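# Structural overview
So you can see what is in the structure, the chains are spelled out below.
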Amino acid sequence: MNNPHASLLQTGRIGSMELKNRIAMAPMGENFGGDDGCCGERTQAYYEARAQGGTGLIIMGTTAISWPSGTSEPHQLGISNDSFIPGLAEVTRRVHAHGGKIAVQINHSGKVAAHDRACGREMWVSSMPPAGPVHDGMRTITPKEFSTFVGVGPFPERYRIMDKADIAQMVEWFAAAALRAKQANFDAVEVHCAHNYMIANFLSPFFNSRTDEYGGSYENRSRLLREVLTEVRRRVGSDYPVWVRLDAQEMHTPGGITMDEALKTARLCEELGMDAISVSAYARMPTGSAFTDAPIPQKENAYHEFARQFKQTVSLPIISAGRWELDDAADAVTRGEIDFVAMGRKLLAEPDMANKLQANAAGDVRPCIYCYACVSEIFVNRGIKCAVNALTGHEAVKTIAFAARPRHVLIVGGGPSGMEAARVAALRGHRVTLVERSDRLGGTLFFAALAYPENGRLLDYLVRQMDHPNIQLRLNTTVDAELLAELQPDEILVGTGARRAAPAIEGAQQSHVWSGDELRRLMTGDRADEIAKAKLNLAERALFKAGGMLKVTDSTAAIQNLSKLWMPLGKRVTIIGAGLVGLELAEFLLDRGREVTVLDPGTHPGTELAIVRRWRVYDAVKNHGKLLMQSSVTRIERKEVIWTDKKGEEYRTPADSVVLAIGAEADSTVAEQLQALTRTPVRRIGDCQDLGYIEGAMHSGHQAGREV
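Computed from a predicted model, the values in this text were never measured in an experiment.

Moving on to the packing of helix H16 (residues 444-451) against helix H17 (residues 454-465). One can describe the packing of H16 onto H17 by two numbers: an axis separation of 7 Å at closest approach and a directional angle of 145 degrees. Each of Leu445, Phe446, Ala448 and Ala449 in H16 lies in contact with H17, whose residues at this interface are Asn455, Gly456, Leu458, Leu459 and Leu462. For the contact of H16 with H17, a count of residues per class yields seven nonpolar, two polar and no charged.

Structure, rendered in structure tokens:
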């Protein structure tokens, strides 16, 4: 069978380094360095897992050349003296044991050294930075989050405008770090010249306002880069692979780095003997969502065109990041537009990606859902994690081991927690019976996939994993005493989701008022006829059936398209509740031409969302709809919602439809009923145990599958 990803599996070369495929792990700071910046067991196991999964090139995330100064995070890895070499050498040994190659990205964070700011140290900069924007999304940060927010501390902000002695010291730090990398048996070094870190801070005409030989003209602004790369090359020798990471553009930065100047820098790097160019981008943050333009984009294949232009400009190999989709990356390699695809988030979600592609099993690649749970952890000074892969960051202590005594496990509920528990238990050799009361799998994940399409990829993946010889599915089935007697399970896991009680609001029982569950059931076909009869008039029911909603309940993509043509909601929609469900639903409805107002009595919207994803949704709702916090709804009328603000003043918002997106709570009802019928142990997972949404469901399901 032809492998559509064959081009990604070809061997490749960067300088003298031969690579077994074109898949690279992007340099993503993991914040696992502990308090001493050393590369310990947690870090080593994390990178080893990606090498074991077949990744050709691991690029170890930002490593500080002057640790502890010049660091962005409190637990950033260091490479500033020889005491760091043993830990670094161990990670290279473990990667090499699996046939992978590993480079280290060396860096000084300069202006972006948030940990220096928090500790009261001077931040080294080319010149006094222009006043930066404080984006509105910071209003969504809770007091608890702010208490540990990166860069926040009791000290005033202090900058050190570098003199020539400082610049000479910086060159020495970079060169010495490169030599230590070689001594620790890294196969290559990436010099970070992007993302407004030290070298990019000098390169940028926006940030560099110096008037000496290191500022002004391009020749002057690129002087630090030339000196660093020249000394790095001299120190490590001509045969040792060295490359640079460059910004193709500084977005949302008037007068910043442009593509024309970035290409000029690429040519300069080629002249200076670099072996490759890693193409990225940077964005200032006038809004929170700007972070999802660069450097960690929401858009698919976001930097494809940038990489293509670099490839046309220099003869060096091009490493391209920016949320590449696998099919498109394979096509770009085939067409010679890039040489290597660098993926960070995808390899957090699926460490075994390369091996699965080699086996022509792309359908078994666990997808990233681009929820930003990973990098959002950095903002609150924690190590990265992954919402869909519970093992990320815990590879040293959590494993999926074959069960010493395989058992029969009954799982009640076909949502994400139930399917993940079934998948893991089956891998361990257990026999699994998965029971779901409706006629399809997915639970609330199906509805979540409508509001946020990336969730649909996870649903599709989990459904495919249920096609396993150890898993038996029983749809349209309710567990009762008779079924328990028939199955005789050894253990029972219950993942039946949350309860969403209607709030005590006058008028909430009217037909134009929808609970989240009612809307979910109608749009996904979960006993939808009952909802249609209760909530829709005859004409609307006819339109609903004509729209074919009930015929495409296994396809989130089909319902996505149909929902653009018809939905049971009027033009003006008021959503009560600004949590994860309310904001993502608002974003969904705004995209479908509705006029949306979100009301919430609290002070901070979207707190269940990861910080970066929260910023993006917050901006979308605020810019295209209305988001009113500290607003308490007192009454719902046929065409209006009546609410009061924090001062007690009353307001009326026109509304053709109202959606209640509040009141969710863990629901143990089914688990308690089953425990009353049997002596077999019953364990709750997912939202029926504790509200955790997709991440909580995946992690609790994974844990149950490991421990059963």
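This paragraph deals with the pattern of salt bridges. Within this structure, the stated rule accounts for 49 salt bridges. Here Glu157 makes a salt bridge to Arg117, at a shortest N to O gap of 2.9 Å. Of this pair, Glu157 sits in the loop between helix H4 (143-147) and strand E8 (159-161) while Arg117 sits in helix H3 (residues 114-119), and the two are 40 residues apart along the sequence. Since its relative accessible area comes to 45%, Glu157 is described here as partly exposed. Given a relative accessible area of 22%, Arg117 falls into the partly exposed group. Residues joined in a network through salt bridges with shared partners are Glu300, Arg323, Glu325, Lys346, Glu454 and Arg457.

What follows concerns the packing of helix H9 (residues 259-271) against helix H10 (residues 304-313). Two elements in contact, H9 and H10, have axes whose closest approach is 10 Å; the angle formed by their N-to-C orientations is 45 degrees. Taken together, the axes of H9 and H10 are oblique relative to one another. For H9 against H10, the interelement crossing comes out right-handed. Side by side, H9 and H10 meet where Met259, Ala262, Leu263, Ala266 and Arg267 of the first sit next to Phe306, Gln309, Phe310 and Thr313 of the second. Its residues placed into classes, the contact of H9 with H10 shows six nonpolar, two polar and one charged.

This next bit is on H10. Among the residues making up H10, those that are buried are His304, Phe306, Ala307 and Phe310. Projected onto a plane normal to the axis of H10, the buried residues spread over an arc of 160 degrees and lie on a single side. Each element contacted by the buried residues of H10 is listed here: strand E10 (242-251), H9, strand E11 (277-283), strand E12 (318-320) and helix H11 (326-334).

Turning our attention to the sheet that holds strand E19 (residues 513-515). Strand order in this open sheet of five strands is E19-E26-E20-E21-E22, and the pairing throughout is parallel. The open sheet terminates on both sides in strands that have one partner only, identified here as E19 and strand E22 (626-629). Pairwise comparison of adjacent strand axes, ignoring direction, gives a mean angle of 20 degrees for this sheet. In the sheet, strand E21 (residues 595-600) pairs with E22 via four bridges, with the strands oriented parallel. Across the sheet, the residue bridging to Val598 is Leu627, located in E22. Where helix H23 (residues 580-590) meets the sheet, its contacts fall on strand E20 (572-576), E21, E22 and strand E26 (657-660), and the angle it forms with E20 comes to roughly 170 degrees.

Turning our attention to unusual backbone geometry. Residues Trp67 and Pro68 are joined by a peptide bond in cis, for which omega reads 10 degrees. Locating Pro68 in the fold gives a position in the loop between strand E4 (57-64) and strand E5 (77-78). Residue Pro295 follows Ala294 across a cis peptide bond; omega there is 5 degrees. Mapped onto the elements, Pro295 comes out in the loop between E11 and H10. Its identity is not glycine, yet Asn185 carries a phi of approximately 70 degrees, on the positive side. Mapped onto the elements, Asn185 comes out in the loop between helix H5 (164-183) and strand E9 (188-193).

What the rule picks out here adds up to twelve aromatic pairs. Note on Phe32 and Tyr46: the rings are 5.3 Å apart at their centroids and 90 degrees apart in plane angle, and the pair reads as edge-to-face. Here Tyr46 lies in helix H1 (residues 41-52) and Phe32 lies in the loop between strand E3 (23-25) and H1, a separation of 14 residues in the sequence. In this structure Phe32 comes out as buried when scored by relative accessible area, which is 6%.

Residues Met60, Ile106, Phe186, Val191, Ile277 and Phe310 are the most contacted members of the largest nonpolar core, which totals 140 residues. With sequence-adjacent residues up to four places away left out, Ile277 is seen in contact with Val244, Leu246, Ala266, Cys269, Phe310, Val314, Leu316, Pro317, Ile318 and Ile319.

Another aspect to go through is the pairing of E4. Along E4, eight of the eight residues are buried, which leaves the element largely enclosed by surrounding structure. In terms of strand pairing, E4 meets strand E6 (residues 101-107) through six bridges, oriented parallel. For Ile59, the partnering residue across the bridge sits in E6 and is Ala103. Judged from the two bridges that link them, E4 and E5 form a sheet pairing that is parallel. Looking at the pairing, Thr63 lines up with Leu77 of E5.

The rules behind each value
Residues numbered from 1 in each chain as written. Predicted model: local features only at pLDDT ≥ 70, side-chain atom pairs only at ≥ 80, totals over all residues. Heavy atoms only, no water. Axes fitted to C-alpha atoms, helices over the stretch in contact; angles between N-to-C directions. Helix = DSSP H or I, 4+ residues; strand = E, 2+ residues; numbered from the N terminus. Contact = heavy atoms within 4.5 Å. Nonpolar A, V, L, I, M, F, W, Y, C, P; charged D, E, K, R; others polar. Salt bridge = Lys/Arg side-chain N within 4 Å of Asp/Glu carboxyl O. Buried < 20%, exposed > 50% of the residue type's maximum accessible area, 1.4 Å probe, protein only. Parallel < 35°, antiparallel > 145°, perpendicular 65-115°, else oblique. Left-handed = near helix turned anticlockwise from the far one by under 90°. Arc of directions from axis to C-beta. Pairing = 2+ DSSP bridges. Phe/Tyr/Trp six-rings, centres within 6.5 Å; stacked < 30°, edge-to-face > 60°. Core = buried A, V, L, I, M, F, W, Y, C linked by side-chain atoms within 4.5 Å.

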